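# Structural description and commentary
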Amino acid sequence: SLGWSTADQSYYGSFQSLLGLFSQGSVVMPMLKRLGPRGAFETGSLFSTVGYLLLSQAWRPLGASKVHKTLQLAAAMLLMVPGRVCGLAMRTMVVKQASEVTKAGRGELNAALSGLESLIGVVMPLAWGFLTKTFAEAGVGKWWYNPGGQFMIAAALRLVARQVVVTTPEDQLRLGAQ
């Protein structure tokens with residue numbers, strides 16, 4: 001537990017919103033333009049993986065002050081800013097790939113992806129909520145206790161996705177013409 005009050009949680013939400021505003025115009029779009037979707041995803045994945053690993057440990061050490069924990073969380077969130085490019089880069093790669101292997105137009109593909117994102121937006125909070133509760137309650141008082149374990153899972157999933165993109169040959173991604 002970070003020991004946050006309701007006001008602290010509101011400040012955190014505001015901080016996240018500011019990072020979102022900042023990252024879209026000054027980090028995400030320039031990364032996509034400079035590195036292309038694949039390069040942006042590869043680079044952003046590394047940043048977000050490190051950020052998730054820091055998030056998983058934000059409550060440590062057990063006796064740390066609220067300020068210490070909050071600063072560690074803020075550092076993790078700042079490291080994750082370049083990782084915000086991953087969703088847009090992956091969407092760009094999927095639409096590009098799909099538009100070359102199907103007759104569906106980009107609008108139809110984007111609509112299908114939006115529907116999938118909506119479905120995931122309903123199901124995943126339930127799954128992550130369950131994981132958060134499980135990690136927070138399992139092993140209390142044991143040396144292996146880690147209430148941030150769900151963030152370690154997120155880091156592992158991000159690395160798996162990155163590895164799939166990195167190891168897929170360019171000609172199979174069909175990303176030659178941007």
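Refer to the structure above for everything that follows.
So, how was this worked out
Residues numbered from 1 in each chain as written. Predicted model: local features only at pLDDT ≥ 70, side-chain atom pairs only at ≥ 80, totals over all residues. Heavy atoms only, no water. Helix = DSSP H or I, 4+ residues; strand = E, 2+ residues; numbered from the N terminus. Buried < 20%, exposed > 50% of the residue type's maximum accessible area, 1.4 Å probe, protein only. Contact = heavy atoms within 4.5 Å. Lys, Arg positive; Asp, Glu negative; His and termini not counted. Charge placed at Lys NZ, Arg CZ, Asp CG, Glu CD. Core = buried A, V, L, I, M, F, W, Y, C linked by side-chain atoms within 4.5 Å. Polar contact = N/O pair within 3.5 Å; in protein donor to acceptor, adjacent residues only side chain to side chain. Salt bridge = Lys/Arg side-chain N within 4 Å of Asp/Glu carboxyl O. Axes fitted to C-alpha atoms, helices over the stretch in contact; angles between N-to-C directions. Parallel < 35°, antiparallel > 145°, perpendicular 65-115°, else oblique. Nonpolar A, V, L, I, M, F, W, Y, C, P; charged D, E, K, R; others polar. 1 Å grid on protein atoms, 1.4 Å probe; cavity = no way out; pocket = protein on both sides within 12 Å on 5 of 7 lines; lining within 4 Å. Points joined across faces, edges and corners; volume = space filled by probe spheres on them.

Across its full length, the chain holds six helices and zero strands. For the chain, the N- to C-terminal ordering of α and β elements is α-α-α-α-α-α. Along the longest, intermediate and shortest principal axes, the C-alpha atoms of the chain span 55 × 30 × 30 Å. For the chain, the proportion of its 178 residues judged to be buried stands at 33%. Residue pairs at least 24 apart in sequence account for 71% of intrachain contacts in the chain once pairs closer than 6 positions are excluded. A distance of 6 Å separates the average location of the 16 positive side-chain charges in the chain from that of its 8 negative side-chain charges.

As a further point, take the nonpolar core. Ranked by size, the top nonpolar core spans 23 residues in total, and within it Ala40, Phe41, Tyr52, Leu55, Leu73 and Val85 carry the most contacts. Mapped onto this core, the elements with two or more residues apiece are helix H1 (6-56), helix H2 (66-79), helix H3 (85-101) and helix H5 (149-167). Counting residues per element, this core draws most heavily on H1, at nine residues. Every residue in contact with Leu55, bar those within four places of it in the chain, is listed here: Leu73, Ala76, Met77, Met80 and Phe151.

The next subject is the side chain of Arg91. Relative to the assigned elements, Arg91 resides in helix H3. Reaching out from Arg91, the side chain makes a polar contact with the side chain of Ser114 at a distance of 3.1 Å. If we skip the residues at most four places from it in the chain, Arg91 touches Asn110, Leu113, Ser114 and Glu117.

The final tally for this structure, using the stated rule, is four salt bridges. A salt bridge links Glu42 to Arg38, with the shortest nitrogen-to-oxygen separation between them at 3.2 Å. Pair noted here: Glu42 and Arg38 are both in helix H1, with a separation of four residues, about one helical turn. Assessed through its relative accessible area of 13%, Arg38 is described here as buried. A salt bridge links Glu137 to Lys133; the shortest N-O distance between them is 3.2 Å. Highlighted residues: Glu137 and Lys133, both in helix H4 (residues 106-137), separated by four residues, approximately one helical turn.

Here we take up the packing of H4 against H5. In contact at an axis separation of 8 Å, H4 and H5 are set at 130° when each is read in the N-to-C sense. In terms of orientation, H4 and H5 fall into the oblique class. Across the interface between the two elements, Trp128, Leu131, Thr132 and Phe135 of H4 pack against Gly149, Gln150, Ile153 and Ala154 of H5. Tallied by class, residues from the contact of H4 with H5 come to five nonpolar, three polar and no charged.

Let us look at the layout of surface pockets. Approximately 1,300 Å³ is the volume found for the largest pocket. The wall of the largest pocket is formed by 37 residues, among which Tyr52, Trp128, Phe151, Ala154 and Arg158 lie closest to the centre. Sorting the residues of the lining of the largest pocket by element identifies H1, H2, H3, H4 and H5 as the ones contributing at least two each. The biggest single contributor to the lining of the largest pocket is H4, with eight residues. For the lining of the largest pocket, the class distribution of residues is 26 nonpolar, eight polar and three charged.

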